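Here is what each chain is made of, one letter per residue.
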Number of protein chains: 2
Amino acid sequence: MSVVSGDVILQKLAWRYATKEFDSTRKISDENWKVLETAIISSPSSYGLQPWKFVVITNQTVKDQLPDAAWGQSQPKDCSHYVVIAARKTTDADYVQKLIDAMAAERSVPVESLSGYKQAVLSKTGGMSNGHQEWNSRQCYIALGFLLETAALLGIDACPMEGIVRDKMDLLLGLTDTGYTATVGCALGYRSSSDKYAEAKKVRYSAADLIKRI
Amino acid sequence: MSVVSGDVILQKLAWRYATKEFDSTRKISDENWKVLETAIISSPSSYGLQPWKFVVITNQTVKDQLPDAAWGQSQPKDCSHYVVIAARKTTDADYVQKLIDAMAAERSVPVESLSGYKQAVLSKTGGMSNGHQEWNSRQCYIALGFLLETAALLGIDACPMEGIVRDKMDLLLGLTDTGYTATVGCALGYRSSSDKYAEAKKVRYSAADLIKRI
C-alpha cells in the first residue's frame, strides 16, 4: 500500500502554526470536514474506550459567544469550525460494558469471549488512583494531536486552545451534567493574511536537547 | 502548496492498529526514523514550552530489560525503536526563561520585547492548581498523537503503551532525579505476520454518538 512521503509530512508540519487570526470569510469544505471528523473518531485511546465527545460549533450566534468562555480570544468566533474535545469524567462498569458489547458486535464474537479483556479494563479503571477524568483528558490530547496533524496535511489552519473556562463552556455547549466536560478546544479554518504570526519562525529545541538515545 | 489527499490519510489511519506482535527482524530505516523524530519535535505544546524528553531505545540489551518495566509486554523488546515520552515534572521560572531566550534568538528580537508573553506564561504556571506534571503529561499525549499518525502515514506500525511502571522505567532509562519522568511509551516497527490483531476490525463509536453539532 502506498505511503505518504516523509518530506511532504514534514513540510506540512513546518507550515502549521497556532493561528492567531482566522479569515472569517473562508470555510472548510464538507469534504475536508468529513476527513477531519473521521480522523478524530479514528484516534486511539487507552483500551479503545474513546472517553470523549467532540462538540463542533459552526453556528455563528453560538460562535460569537465562545470568546466569553475562552478568555476573550477571537479564534472561536472567526474560525470556520470550532471543536471542543470533552473528556468523560468517569469510566464506570457500564461504560466498559458498552465497549465490550461494541467489540463483540463489530467483530462477530460472543461477549463471553471478551471476558478476560473486560476484567483487565475493570481492574485498571477500578484501581486508578489519579482519577478517571485526568486519564480521560490525556486521551483527548491524542485526539487533539490527530486533529492538528490531519488539518496540517490537508492545508487547513488550526489553533489548539487550552485557555477555555470549563464551567462556562460546559454551560454554553450543554455539557453540564452530561458526564463529559470541556477539556481542550481547537479552532480550525484558514489563516488571515494579516496574521503576522504566520511568518514567525517556529521555536523548537534541538534533537540534541530533547532526544536521549540508548 | 500541495496537500495530502484526505482519502490517503484515512486509509492509513484505518490501517494502523495497536500492534501486539512485532517482527523483530525488521528495522525502521534511518531516513524514516529522522522523519518520526522531526515530527515529534515539531509537535505543538502549551505556550510552546516543549515540556518533554523523548528517550529512544534501540540497544537490544536495554530493550530486553524493558518488558520488566512494562508489565511483561513483549513489544518493547521486539519492536525496532521504543520511545518513552517523559514529562517535565515542573515548569519553573528558569524553564520559562529558556523558552523566552530561544524565541528571542530564533526570531532575532530583543528578549525585552517578549516580556508580555513571559508574564503570561509565568502567570499561568505560577497559578496552576492541578500541578505541572499533569499539565505537562497532557502535552506529551499531543506528541504521542503526532508520533502515531506520522508512523501510520509512513506505513510504520506502532503500539502506544500506557502500561509502564514509572519508577522502574525512570531508573532503567536514567531519568531518576532529572526532573523528567516516564509518562507514556510507544513501540515502533513492523507487525509480525502472526499478529492476529492486525485483521481485527477497528471498534469505534459512530459520529452520531461521539459528535455533537451546534
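Up top you'll find the structure we're talking about.
Here's what I pulled together on the structure shown here. Every chain's residues receive numbers from 1 upward, in the order its sequence appears when written. Here chains are named by letter from A upward and ligands by number from 1 upward, in the order in which they appear as written. Local features in a predicted model are, by the rule used here, given only for residues with pLDDT of at least 70; side-chain atom pairs are given and counted only at 80 or more, and totals for whole chains, interfaces and linings are based on all residues.

### Things to note about the overall build of chain A
Helix and strand content of chain A: nine helices and five strands. Secondary structure follows DSSP: runs of H or I at least 4 residues long count as helices, runs of E at least 2 residues long count as strands, and numbering of each begins at the N terminus. Each helix (α) and strand (β) of chain A, taken in turn from the N terminus, gives the series α-α-β-α-α-β-α-α-α-β-α-β-α-β. Each principal axis of the C-alpha distribution contributes one length, and for chain A these read about 60 × 45 × 35 Å. Contacts here follow a simple rule: the backbone-placed C-beta atoms of the two residues must lie within 7 Å. For chain A, restricting intrachain contacts to residue pairs at least 6 apart in sequence, the fraction spanning at least 24 positions comes to 80%.

### Structural notes on the relation of the copies chain B and chain A
To superpose the copies, least squares is applied to the C-alpha atoms of every residue with a pLDDT of at least 70 in both. With an RMSD of 0.0 Å, the operation that places chain B on chain A is a rotation of 180° combined with a shift of 0.0 Å along the axis. In short, the pair behaves as if placed about a two-fold rotation axis. A share of 100% of the interface residues of chain B reappears at the interface of chain A, consistent with the copies meeting face to face through the same patch.

### Digging into helix H1 (residues 6-15) of chain B
Around each residue's C-beta, the other C-beta atoms within 10 Å are counted; 20 or more make the residue buried, 12 or fewer make it exposed, and counts in between make it partly exposed. All C-beta atoms are placed from the backbone. Every buried residue of H1 of chain B is listed here: Gly6, Ile9, Lys12 and Leu13 of chain B. Projected onto a plane normal to the axis of H1 of chain B, the buried residues spread over an arc of 130° and lie on a single side. Residues of H1 of chain B that are buried in the fold lie against helix H2 (30-42) and helix H7 (132-154) of chain A together with helix H7 (132-154) of chain B. Comment: arc refers to directions from the helix axis out to C-beta atoms.

### Brief notes about the environment of aspartate 167 of chain B
Residue and element names in this part refer to chain B. Among the structural elements, aspartate 167 can be located in helix H8 (residues 166-173). Residue class for aspartate 167 comes out partly exposed when judged on the 13 C-beta atoms lying within 10 Å of it. Taking the C-alpha atoms as reference, aspartate 167 lies 17 Å from cysteine 186; in sequence the two are 19 residues apart.

### Examining the sheet that holds strand S5 (residues 211-213) of chain B
At least two DSSP bridges between two strands are required for those strands to pair. Across the sheet, which stays open at both edges, the five strands sit in the order S3(A)-S4(A)-S2(A)-S1(A)-S5(B) with mixed pairing between neighbours. Strand pairing shows two members of the sheet lacking a second neighbour, strand S3 (157-161) of chain A together with S5 of chain B, which therefore form its edges. Strand-to-strand twist across the sheet, computed as the mean angle between neighbouring axes with direction ignored, equals 25°. Inspection of the sheet shows strand S1 (residues 52-57) of chain A paired to S5 of chain B by three bridges, in the parallel sense. Bridge assignment links valine 55 of chain A to a residue of S5 of chain B, and that residue is lysine 212 of chain B. Axis definition: a line fitted to C-alpha atoms, over the contacting stretch in the case of helices. Angles run 0 to 180 degrees between N-to-C directions. Lying over the sheet, H7 of chain A contacts S1, strand S2 (81-88), S3 and strand S4 (180-189) of chain A, oriented at roughly 155° with respect to S2 of chain A. Packing of helix H8 (residues 166-173) of chain A onto the sheet brings it into contact with S1, S2 and S4 of chain A, and relative to S4 of chain A it is tilted by some 80°.

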